[in-house]
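A look at the structure
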Amino acid sequence: MERLQKFLSECGVASRRRSEELILSGKVTVNGVVVKTLGTKVSDNDLVSVNGKVVKRDIKEYYLLYKPRGVISSVKDEKNRKTVVDLVHTSSRIYPIGRLDYDTTGIILLTNDGELSNLLMHPKSNVSKEYIAKVKGFFSKDDALLLSKGVLLNGKKTKPALFKLKKYDKKSDTSYVKVVISEGRNHQVKDMFSFLGYNVLKLKREKYAFLDLSGLKSGEYRKLSLKEVRQLYSLK
Ligand code: URA
C-alpha cells in the first residue's frame, strides 16, 4: 500500500506536487469513487483513474549503455540530434541518470525508476565515477595532487578525488589520466583540468560505482540484473 500521490507520480502521471493538486481538484478516482483526501492508501489491486483514464504502474526498467560520441544525454533534443534514449529499444519512458557531454563516451545508466534516479543524483550521494582522460601535454605529479585535493570551481571546492597519470606519449605530447570523482557537476572533469590549463582531448567514463563496460561495444547496451539494481539502491 502506498500514498495515492506517490502512486501517481511513480506511474509517470505528474510530479508528486502536481499529483496532489489533481487529487484535491477531484480529478482522481479509486475504484470508481472520487478521492480528494491526500495520503489515501492504494495498492496495485486498486483501479486508479485520472480524468477518467486508468493509470497503471510502469514496470521498472534499468539499462547500462556504452554511450558513443556525438549523442546527447537527454530524452529529446531540440536540434533533433540523436539521444541516449534513441539507442535503447523500449516503449517505456526511460531517461538517463545524470549526463555525459556530447563528445564524452562510456557508461551511462537509463531507467524509468524515479526513486533510484533521485537517490543516485542526490547531491549527498557519493557514487564514484571513473574516467580516463586524454589531455594535451605532460600531466605532472604536482598537478595530480592539486586536483585530487580539490580546486575552486564556480566558487565551490571540489570534493577529494583521484587524478593519476597512467601513460605519457612523448611523440604526441599527450597524457592519459585516470580520474575518480564522487560528484556529478556539469563538465566537472573538463573544468578541473582546464582550471590548471589542460585541454581534454578525449574523455571516457569507464565505471559508474561497481558497474563497468565489460562485454559492450560503443552503442551497445544491456539490462541491469536485479542484483545490480539492489546494489545501486544500497549505495550510500
Ligand atoms: N565531466 C565532464 O567534463 N564531462 C563529462 O561528460 C563527464 C564528466
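Residues numbered from 1 in each chain as written. Predicted model: local features only at pLDDT ≥ 70, side-chain atom pairs only at ≥ 80, totals over all residues. Heavy atoms only, no water.

**Quick look at the overall build of the protein**
Along the protein, the regular secondary structure elements total six helices and 17 strands. When its C-alpha atoms are laid out on the principal axes, the protein stretches across 75 × 35 × 35 Å. Buried residues in the protein amount to 43% of all 236 residues. When contacts within the protein are restricted to residue pairs at least 6 apart in sequence, long-range pairs at least 24 apart make up 62% of them. A total accessible area of about 13,500 Å² is found for the protein, and carbon and sulfur atoms account for 51% of it. Here the protein contributes 47 positive and 26 negative side-chain charges, whose respective centroids are spaced 2 Å apart. (Helix = DSSP H or I, 4+ residues; strand = E, 2+ residues; numbered from the N terminus. Buried < 20%, exposed > 50% of the residue type's maximum accessible area, 1.4 Å probe, protein only. Contact = heavy atoms within 4.5 Å. Areas by Shrake-Rupley, 256 points an atom, 1.4 Å probe, with all protein chains shown as cover. Lys, Arg positive; Asp, Glu negative; His and termini not counted. Charge placed at Lys NZ, Arg CZ, Asp CG, Glu CD.)

**Quick look at the domain arrangement of the protein**
Assigned domains within the protein: domain 1 (2–54), domain 2 (62–124 + 212–234) and domain 3 (129–208). The C-alpha centroid of domain 2 is placed 29 Å from the C-alpha centroid of domain 1. (Domains from an automatic or database assignment.)

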